[in-house]
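Descriptive structure summary
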Amino acid sequence: MLKNRGDVRSTREGFKWEIPEHYNIGVDICDRIAAQNPNNLAIIDIAQDKSVQNHTFGQLRDFSNQLAHVLDRNVQLGDRIAVLLPQSFETAAAHIAITKIGAVSLPLFTLFGPEALLHRMSDSGAKVIITNAAGVAMIAQIRQELPALEQVFCVDGPIEDAIDLHAVCAEQSTHFTPINTKAEDPAILIYTSGTTGNPKGALHAHRVLLGHLPGVEMSHNFLPQPDDLIWTPADWAWIGGLLDVLMPALHHGIPVIARRFEKFSASAAFELMQEFNVRNAFLPPTALKMMRQDPNAESWNLKLRSVASGGETLGKELIEWGEKVFGTTINEFYGQTECNMIVSSCAALAPAEPGVMGFAVPGHTVEVIDEETLTFSGVGEEGSIAAKAPDPVMFLEYLNNPAATAKKFVEIDGTKWLITGDKGQKTKSGRIRFVGRDDDVISSSGYRIGPAEIEDCLLTHPAVKMAGVVGKPDEVRGSIVAAYIELADGYEAHDALADEIATHVKNRLAAYEYPRVIRFINDMPMTTSGKIIRAELRDRIEKETANA
């Protein structure tokens, strides 16, 4: 566990990995705690009708053991088992049971359509899926195209084309002997969000949870502390919900609130955190930006000790707003599905530096690399953000895609480095600044412009609810900055407002960074993990240019 030694350098120097040869995620986050404190609260499950069910670690162990018996009948080591469920007690138990039997858990998002499910189920060769009534209906549409799928279990009771999960589990023993897996054995398969191209399946070993812990602890100001209680609106189907919140919290014996809104609402999020005295929250940038629009944001009686955010950089205004509303500094962190939680800020160690992600988390070596010369970039020089291999948090491979796996790594002086695909800079303070994805960076009149800073600035205008920035092809400048804007309630799109917003940015950032093109849209294209799909925006602006 990460220990606070007063400053970043001392904390880093005092940390040492302890990765055992044998390690099982399910045993660690459930059985280990249940053996010591079976009556301790594990999951607070809040239904859509706001009814609440509390589940202890003992109950989580017993039900996951019963489910393990059911699954173990027709599944071999390494087989993939899909979990298509919202945040719930059953979802947590399913991931635990799957890892206990030595199978590989495949988390799936409940808002996936048939094509998204077909790609992931087919590519992974999943033999079993655990889902609800809505999921059964969705799978029924593609079942004939999934020859590997043998069983469908439903948590909502008996239903056509599915097995009643609770009924078959009730017949099983609550005692189960887990497989003695190695830390390097595969455990979780998470598909990338797919901003470009088909999503790839990042296969992770059991050690991935241990690799996440220092980053989670750092981003939550040294989790765990007395009375900690955590919640996130991020779905547990994504690495941010599953491995940044659910599993690390259970590892530390911290209760987790299971509540994902069918449609995110800022007021509902505030109400939930106030009613249940949430102490720790992971709030993705999109959620924060929506919460910032709530006129009553400062009136809630919150008890938050830590707020973490990652996925897109946060600007100065959003950090300052968070301090007023949450009573704590939002700690930014950075990572990706293949190598997560490797950079983080930590208000308990150093003040936030707005627009800068943070320090390399203890245990991880993160550098900025020039991929052409295979050298390390100097302070302030732009390059590719890279993590030194091996690393406990790093993925094993892209399933069924050795060529893509090989392309993810480079070698410098005999050492392998994982290239994230993101551009960044090292600052004088030793932090890492996020510039943008390789294909997001805009080249205009010789300047290289990252979209995140402009998007942050746009959001400081009261009319802007959501903003996505891309480059528009231009014969003279190469590209010019184009902004797609979703307006806040009460504002109407017109040329004068576009000019006002452009001037707002021009007066706050460099003259070459302001958006020379502004397009108002009703719905910002987003990945299911809440990131702006800039590839779709680029496609729109390129088509507009071609048709001009």
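Rules used in this analysis
- Residues numbered from 1 in each chain as written.
- Predicted model: local features only at pLDDT ≥ 70, side-chain atom pairs only at ≥ 80, totals over all residues.
- Heavy atoms only, no water.
- Helix = DSSP H or I, 4+ residues; strand = E, 2+ residues; numbered from the N terminus.
- Rg over C-alpha atoms; globule rule 2.2 N^0.38 Å.
- Buried < 20%, exposed > 50% of the residue type's maximum accessible area, 1.4 Å probe, protein only.
- Contact = heavy atoms within 4.5 Å.
- Areas by Shrake-Rupley, 256 points an atom, 1.4 Å probe, with all protein chains shown as cover.
- Lys, Arg positive; Asp, Glu negative; His and termini not counted.
- Charge placed at Lys NZ, Arg CZ, Asp CG, Glu CD.
- Salt bridge = Lys/Arg side-chain N within 4 Å of Asp/Glu carboxyl O.
- Axes fitted to C-alpha atoms, helices over the stretch in contact; angles between N-to-C directions.
- Parallel < 35°, antiparallel > 145°, perpendicular 65-115°, else oblique.
- Nonpolar A, V, L, I, M, F, W, Y, C, P; charged D, E, K, R; others polar.
- Arc of directions from axis to C-beta.
- Disulfide = S-S within 2.5 Å.
- Pairing = 2+ DSSP bridges.
- Phe/Tyr/Trp six-rings, centres within 6.5 Å; stacked < 30°, edge-to-face > 60°.
- Lys NZ or Arg CZ within 6 Å of the ring centre and 35° of its normal.
- Patch = residues over 30% accessible without salt bridge, like charges linked within 9 Å, V, L, I, M, F, W, Y side chains within 5 Å.
- Expected span 1.5 Å × (residues − 1).
- Core = buried A, V, L, I, M, F, W, Y, C linked by side-chain atoms within 4.5 Å.

1. Notes on the overall build of the chain
Per the secondary structure count, the chain includes 16 helices and 28 strands. For the chain, whose C-alpha radius of gyration is 23 Å, the value lies close to the compact-globule estimate of 24 Å for 548 residues. Each principal axis of the C-alpha distribution contributes one length, and for the chain these read about 70 × 50 × 50 Å. Per-residue burial over the chain gives 58% buried out of 548 residues. At a minimum sequence separation of 6, the contacts of the chain that also span at least 24 residues come to 68%. With the model as given, the accessible surface of the chain reaches about 22200 Å², and the carbon-plus-sulfur share is 46%. For the chain, the distance from the average site of its 50 positive side-chain charges to the average site of its 71 negative ones is 4 Å.

2. Quick notes on the pattern of salt bridges
Side chains carrying opposite charge are able to pair once their charged atoms draw close together. Overall, the coordinates contain 17 salt bridges when judged by the stated rule. Between Asp62 and Arg61 there is a salt bridge whose closest N-O contact spans 3.2 Å.

3. Observations regarding the packing of helix α2 (residues 25–36) against helix α9 (residues 239–251)
Running from N to C, α2 and α9 cross one another at 45°; their axes reach a closest spacing of 8 Å. In terms of their interaxial angle, α2 and α9 are classed as oblique. Every residue of α9 that contacts α2 at Ile25, Asp28, Ile29, Arg32 and Ile33 is listed here: Met247, Leu250 and His251. In terms of residue class, the contact of α2 with α9 is built from five nonpolar, one polar and two charged.

4. So, helix α10 (residues 266–275)
Inspection of α10 places Ala266, Ala269, Phe270, Leu272 and Met273 among the buried residues, and these make up the whole buried set. Projection of α10 onto a plane perpendicular to its axis shows the buried side chains occupying an angular sector of 160°, all on one side. Each element contacted by the buried residues of α10 is listed here: β1 (41–46), β10 (230–231), β11 (256–258), β12 (280–282), α11 (285–292) and α12 (316–326). Just downstream of α10, Asn277 is the residue with a positive phi angle, here 50°.

5. Details of the state of the cysteines
Here the structure, examined in full by the defined rule, presents zero disulfides. No disulfide involves Cys30; its sulfur sits 13 Å from that of Cys169, the nearest cysteine. Residue Cys30 is classed as buried on the basis of its relative accessible area, which comes to 0%.

6. Things to note about the pairing of strand β2 (residues 52–56)
Of the strand pairs in this sheet, β1 and β2 are connected by five bridges, and their pairing is antiparallel. Across the sheet, the residue bridging to Leu41 is Thr56, located in β2.

7. Brief notes about the sheet that holds strand β26 (residues 464–474)
As summarised here, the arrangement of the three strands in space is β26-β27-β28, forming an open sheet in which the pairing is mixed. Among the strands making up the open sheet, the edge pair consists of β26 and β28 (517–520). For this sheet, the mean angle separating the axes of adjacent strands, direction not counted, is 25°. Here β26 runs beside strand β27 (residues 478–487); their pairing, made up of ten bridges, is antiparallel. Its bridge partner lying in β27, Val464 is registered against Leu487. Across the sheet, helix α14 (residues 451–458) touches β26 and β27, and the angle it forms with β26 is around 140°.

8. Points about the pairing of strand β21 (residues 409–412)
Relative to strand β22 (residues 415–426), β21 runs antiparallel, the two being bridged by four bridges. Its bridge partner lying in β22, Glu411 is registered against Lys416. Hairpin connection, β21 to β22: the antiparallel pair is bridged by two residues, and Asp413 has positive phi, about 50°.

9. Focus: the packing of aromatic side chains
Aromatic ring pairs are defined here through the distance separating the ring centres and the angle between the ring planes. Applying the stated criterion across every chain, the model contains 14 aromatic pairs. Ring centres of Phe63 and Phe89 lie 5.7 Å apart, and the angle between their planes is 35°; this geometry places the pair in the tilted category. Of this pair, Phe63 sits in helix α3 (residues 57–72) while Phe89 sits in helix α4 (residues 89–100), and the two are 26 residues apart along the sequence. Residue Phe63 is classed as buried on the basis of its relative accessible area of 9%. Judged by relative accessible area, which is 6%, Phe89 ranks as buried. Lying across the ring of Phe112, Arg120 places its NZ or CZ 4.1 Å from the centre.

10. Considering a negative patch on the surface
There is a patch of like negative charges on the surface, built from Asp370, Glu371, Glu372 and Glu381. Here Glu371 is to be found in the loop between β17 (366–370) and β18 (375–376). Owing to a relative accessible area of 35%, Glu371 belongs among the partly exposed residues under this scheme.

11. Points about helix α15 (residues 495–506)
Each α-helix turn comprises 3.6 residues. Residues three or four places apart therefore point the same way. Under the 1.5 Å per step criterion, the end-to-end length of α15 is 16 Å for twelve residues, consistent within 8% with the ideal 16 Å. Within the sequence span of α15, burial applies to Leu497, Ala498, Ile501, Ala502, His504 and Val505. Viewed along the axis of α15, the buried residues span an arc of 155°, placing them on a single side of the element. Exposed residues on α15 whose side chains face more than 90 degrees from its buried face are Asp495, Ala496 and Asp499. As for α15, its buried residues are in contact with α14, β26, β27 and β28.

12. What to know about the nonpolar core
What tends to happen in soluble globular proteins is that the nonpolar side chains get buried as a cluster. Ile43, Leu71 and Ile130 are the most contacted members of the largest nonpolar core, which totals 84 residues. At eight residues, the largest contribution of residues to this core is made by α9. Look past the residues within four positions of Leu71 in its chain and what remains in contact with it is Ile81, Ala97, Ile98, Ile101, Val128, Ile130 and Phe153.

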